[in-house]
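Listed below are the residues making up each chain.
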Amino acid sequence: MGTSALYPIFLIGEERADLQYIVDIDAVPRPDILWPSIELEIDPSYRRQLTGQRPFRAAVLRAYRTSCAVCSFRHSDLLDAAHIHEDGAGGLPVATNGLTLCKMHHATYDRRILGITPDYEVRINAEVLHEVDGPMLRHGTQEFHGQHLMVLPKSRAQRPDRSLLETRYQAFLDAG
Ligand SMILES: [Zn+2]
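Basis of the calculations
Residues numbered from 1 in each chain as written. Predicted model: local features only at pLDDT ≥ 70, side-chain atom pairs only at ≥ 80, totals over all residues. Heavy atoms only, no water. Donors = N, O, S within 2.8 Å, 3.2 Å for Na, K, Ca; no water. Tetrahedral: all angles 85-135°; square planar, octahedral: opposite > 155°, others 65-115°. Buried < 20%, exposed > 50% of the residue type's maximum accessible area, 1.4 Å probe, protein only. Helix = DSSP H or I, 4+ residues; strand = E, 2+ residues; numbered from the N terminus. Contact = heavy atoms within 4.5 Å.

A. Fine view of the coordination of the zinc ion. The coordination sphere of the zinc ion, as far as protein atoms go, consists of Cys 68 (SG), Cys 71 (SG), Cys 102 (SG) and His 105 (ND1), spread over 2.1 to 2.3 Å. The site at the zinc ion holds four donor atoms, and with the angles between them running 95 to 118°, its shape is tetrahedral. Taken in sequence order, the residues that donate to the zinc ion follow the motif C-x2-C-x30-C-x2-H. Residue Cys 102 is classed as buried on the basis of its relative accessible area, which comes to 7%. On the basis of relative accessibility, which here comes to 3%, the residue His 105 falls in the buried class.

See the structure below:
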């Protein structure tokens, strides 16, 4: 017979159309509030989603205080929870495999135009670094070359895993 772990989580929302609950995995119960407790029989179709993209996004955006790690941009609907070890390649949906990135920096990261070193510094592909274009290229991309990430999780336990960054950074170097 298997063992199950029981621990409190907070369901902070439901997206019925997508069969998803939004789970707050970091919430700390406040002792001054008597929390209602319910026994919840989770539909199997929900349970699958509990390990999916939505809790990952919520956890990663929370860890980065809803700001792009590279540029600190703060509009949540233009922010993504990017995987370091890509999910299509088996990367896990955990905060240490995540970075909050704005749409622009997510796209440049995925296309190996922007790299992040294991020491949390930004690098721009050498070819793109010397292109001449408008302000999005200059201010939004090239000027971050050599800069430290602007936003990191306050909790060390949630910061990006350096070995995952190293592997991904190597792929960036190989692409350049
Ligand atoms: Zn950004």
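Still more ground to cover, so stick around.
B. How the structure looks around the environment of Pro 118. As for its placement among the helices and strands, Pro 118 is situated in the loop between strand S5 (114–116) and strand S6 (122–124). Judged by its relative accessible area of 15%, Pro 118 is buried. Each C-alpha atom of the pair Pro 118 and Pro 160 lies 8.5 Å from the other, and the pair is 42 residues apart in sequence. Every residue in contact with Pro 118, bar those within four places of it in the chain, is listed here: Arg 162, Leu 165, Glu 166 and Tyr 169.

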